[in-house]
Amino acid sequence: MMNTELYIDGRWTAGTTEIENWNPSDVSDLIGLYSQASADQLDEALAAARRAQPIWWAAGIQKRHDVLMGIGTELMARAAEIGRIVAREEGKPLAEGTGEVYRAGQFFTYFAAEVLRNQGDLAESVRPGVEIDVRREPVGVVAIVSPWNFPVATPAWKIAPALAFGNAVVWKPANLTPASAVALTEVIARQDIPAGLFNLVTGPGRDVGQRLVESRDVDAISFTGSVPVGRGIAASAVTNMTKVQMEMGSKNPMIVMDDADLDLAVGHAAGAAFGGTGQKCTAASRLIVHSAIHDAFVEKLVVAAQAYKVGHALDEGTQIGPVVSESQLTQNMDYVTLAQQEGAELLCGGTRLDCPTEGYFMAPTVFAGTRNDMRINREEMFAPITCVIKADSYDQALTIANDSEFGLTAGIMTRSLSRASHFRANMRAGCVMVNLPTAGTDYHVPFGGRGASSFGPREQGRYAAEFYTTVKTAYVAAGTPE
Ligand code: NDP
């Protein structure tokens, strides 16, 4: 029997209500009924976190290192088993689910080592006889609100640094992926940690999530999700003077120049556009292609898109699983209609697919003849849909790429060192990729974007310390010995 409860103050607890969790690859497969936290249970979790945090900080760096290493090691060892839960409820293929859980483990082992590297600075004072040191201390209680598309990895890259730097956590996962949340919580709860240090409060975003981000008992909020929800969170964070960090949508461009290795470009573009059913904030959604190779590129891209095996996430050989939910699929189909109304040319896909099981399957979709001012090139679709925009020169391609309110990742496919270097320097994005897909990042370096894509300090790598700690400057006058 799978656990479906909340985890509050060191105990598994039933919620006041439940939601049904269905498999998007097979809508007849009910995964389970999952607990939803009440307002009182959320308050209980916040109070428990407040009590636990100083105990955890006082436990010291060896203890924190060992706990994080224990969590990371278990996640990596059980990646296939937990990856199956991810694949079943989120719809990504089994191999991707397994890879995601393994990566989540790496975030914990990386931050286990960062625990030992939390070293401060020493300074001389301008006043003789005074010594100064600068240390990083925990911010306190961290609220984590995470999405469904990476239901284990995204919370892991937030929870690991939060715990590493001595904070307590109250986590509100996406309601579409509660089983992954329970699985990750079980691994964390198995460690010898103070009761209340880590709390799982599953529930609706507009209710439990909203109450959590508006709470004055929270010292910092880390959020990944949509721009509108992010804006609301930023507003409540400012009201309470709560530290906030947010990763939101994007409209990542990939420029394909006339000197690119065409097959490599097609492979990277298709992989970044359709991998994870296009439900990645790093997906390549605007393909800006030089006119000299445009037709050849598009022809090969359509072949690549049509070659993908779309199917049940748990089936051997599936490369693209279903869309996560019925409402997301409806939204995708609405974008297909909109694209055609805007004058884009549908080259392939654009349809729902029939598979042996009834699920939310959609064919990888390519639109050509699109302009950057069309809504399909302005708004994040989070769908297996990509749009080709023709450009006549490198300069024009770069201008189009930069013409977006977002700026998370961006790529260029070129063999020219000067174009690649110019692009690195002049592309307004948090992550720039040369001859690589826009999706796919490492775990030990910062991740984040510019513009409407991100707000607040960066996530991941040693830059994560900026958000999960607060700096204290101490002045000490020791005096003269008697
Ligand atoms: P949301 O932004 O609604 O959800 C992200 C998280 O925020 C979930 O845990 C959600 O809870 C929670 N939440 C929702 N409303 C509130 C609120 N008022 N206060 C606090 N927390 C809240 O994204 P969706 O899942 O609805 O997806 C919609 C679109 O967002 C996608 O189509 C995509 O464009 C974008 N998105 C981007 C992601 C990214 O990685 N950049 C990830 C996911 C979505 P609950 O699940 O209960 O609603």
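Please refer to the structure placed before this passage.
Let us look at the structure shown here. (Residues numbered from 1 in each chain as written. Predicted model: local features only at pLDDT ≥ 70, side-chain atom pairs only at ≥ 80, totals over all residues. Heavy atoms only, no water.)

### Some thoughts on the overall build of the chain
For the chain, the helix and strand inventory stands at 14 helices and 22 strands. Principal-axis analysis of the C-alpha atoms gives the chain an extent of 85 × 60 × 40 Å. A total of 482 residues make up the chain; the buried ones form 57% of that total. Taking as baseline every contact in the chain between residues at least 6 positions apart, the subset at least 24 positions apart corresponds to 73%. Positive and negative side-chain charges in the chain, numbering 40 and 54 respectively, have mean positions lying 4 Å apart. (Helix = DSSP H or I, 4+ residues; strand = E, 2+ residues; numbered from the N terminus. Buried < 20%, exposed > 50% of the residue type's maximum accessible area, 1.4 Å probe, protein only. Contact = heavy atoms within 4.5 Å. Lys, Arg positive; Asp, Glu negative; His and termini not counted. Charge placed at Lys NZ, Arg CZ, Asp CG, Glu CD.)

### Comments concerning the site of the ligand
Neighbouring the ligand are 27 residues, the closest being S146, W148, K172, Q210 and S226. Within the side chain of S226, one N or O atom sits 2.6 Å away from an oxygen atom of the ligand. When isolated, the ligand has an accessible area of 860 Å², and the protein chains bury 84% of it. Breaking the shell around the ligand down by element, the ones donating at least two residues are helix 7 (205-214), strand 10 (220-224) and helix 11 (326-341). A per-element tally of the shell around the ligand places helix 7 first, with four residues. Here the shell around the ligand is built from residues that sort into eleven nonpolar, 13 polar and three charged. (Near = heavy atom within 4 Å. Polar contact = N/O pair within 3.5 Å; in protein donor to acceptor, adjacent residues only side chain to side chain. Areas by Shrake-Rupley, 256 points an atom, 1.4 Å probe, with all protein chains shown as cover. Nonpolar A, V, L, I, M, F, W, Y, C, P; charged D, E, K, R; others polar.)

### Concerning helix 10 (residues 294-307)
The periodicity of an α-helix, 3.6 residues per turn, causes residues three or four positions apart to be oriented the same way. Given a rise of 1.5 Å per residue, 14 residues ought to cover 20 Å, and the 20 Å separating the end C-alpha atoms of helix 10 matches this to within 8%. Those residues of helix 10 that sit buried are H294, F297, V298, L301, V302 and A305. Looking straight down helix 10, one finds its buried side chains confined to an arc of 135°; they lie on one side. In this structure, helix 10 carries D295, E299, V303, Q306 and A307 as exposed residues pointing more than 90 degrees from its buried face. (Expected span 1.5 Å × (residues − 1). Arc of directions from axis to C-beta.)

### A closer look at unusual backbone geometry
For residues other than glycine, phi is negative in most cases, and the peptide bonds are mostly trans. One non-glycine residue, D9, lies in positive phi territory at about 55°. Relative to the assigned elements, D9 resides in the loop between strand 1 (6-8) and strand 2 (11-13). Unlike most non-glycine residues, F382 shows phi in positive territory, near 60°. Mapped onto the elements, F382 comes out in the loop between strand 15 (365-368) and strand 16 (385-391). In this structure F382 comes out as buried when scored by relative accessible area, which is 15%.

### Digging into the nonpolar core
Note that soluble globular proteins tend to have their nonpolar side chains buried in a common cluster. One finds L68, L75, F108, I159, V170 and W171 to be the most contacted residues of the largest nonpolar core, which totals 85 residues. When residues no more than four places from it in sequence are discounted, the contact partners of I159 are F108, I144, V169, W171, L184, I188 and F198. (Core = buried A, V, L, I, M, F, W, Y, C linked by side-chain atoms within 4.5 Å.)

### A short note on the packing of aromatic side chains
Going through the model one piece at a time under the given rule, you end up with ten aromatic pairs. Ring centres 6.4 Å apart and planes at 80° place the aromatic pair Y110 and Y443 in the edge-to-face group. Separated by 333 residues along the polypeptide, Y110 in helix 4 (residues 94-116) and Y443 in the loop between strand 19 (431-434) and strand 20 (450-451) bring together distant segments of the chain. Between W157 and F447 the ring centres are 5.9 Å apart and the planes differ by 65°, which places this aromatic pair in the edge-to-face class. (Phe/Tyr/Trp six-rings, centres within 6.5 Å; stacked < 30°, edge-to-face > 60°.)

### Side note on the pairing of strand 8 (residues 168-172)
Within strand 8, five of the five residues are buried, which leaves the element mostly enclosed by the surrounding structure. Burial along strand 8 is two-sided: A168, V170 and K172 facing one way and V169 and W171 facing the other are all buried. A crossover links strand 7 (residues 141-145) with its parallel partner strand 8, the connecting element being helix 5 (residues 153-164), and its sense is right-handed. Sheet analysis places strand 8 next to strand 9 (residues 198-200), joined by three bridges and oriented parallel. Of the residues in strand 9, the one forming a bridge with V170 is N199. In this fold, strand 8 hands off to helix 6 (residues 178-189), which returns the chain to strand 9; that crossover is right-handed. (Right-handed = clockwise from strand over helix to strand, strands pointing away. Pairing = 2+ DSSP bridges.)

### Let's talk about the environment of P228
The residue P228 is located in helix 8 (residues 227-240) in this model. For P228, a relative accessible area of 63% puts it in the exposed group. Residues P228 and G249, 21 residues apart in the sequence, show an inter-C-alpha distance of 9.8 Å.

### Remarks on the side chain of E74
Relative to the helices and strands, E74 resides in helix 2 (residues 61-77). Residue classification places E74 among the buried positions, given a relative accessible area of 16%. Side chain to side chain, E74 and R78 meet in a polar contact 2.6 Å long. When near neighbours in sequence (up to four residues on either side) are disregarded, E74 contacts V187 and R190.

### Points about the pattern of salt bridges
Under the defined criterion, the tally for this structure stands at 21 salt bridges. In this structure, the salt-bridge partner of R78 is E74, at a minimum N-O distance of 2.6 Å. Between D258 and R419 there is a salt bridge, and its shortest N-O distance comes to 3.1 Å. With D258 in the loop between strand 12 (252-256) and helix 9 (262-274) and R419 in helix 13 (residues 417-426), this pair connects stretches of sequence that are 161 residues apart. (Salt bridge = Lys/Arg side-chain N within 4 Å of Asp/Glu carboxyl O.)

### Some thoughts on the environment of L163
With respect to the secondary-structure elements, L163 resides in helix 5. Assessed through its relative accessible area of 1%, L163 is described here as buried.

### Section: the sheet that holds strand 13 (residues 284-290)
Strand order in the open sheet made by the seven strands is 14-15-16-13-12-18-19, with mixed pairing throughout. Only two strands of the sheet have a single partner each, and these edge strands are strand 14 (345-348) and strand 19. Adjacent strand axes in the sheet meet at a mean angle of 25°, parallel and antiparallel pairs treated alike. Most of the contacts of helix 13 go to strand 19, to which it runs at about 170°, and overall it touches strand 12, strand 18 (409-413) and strand 19. (Axes fitted to C-alpha atoms, helices over the stretch in contact; angles between N-to-C directions.)

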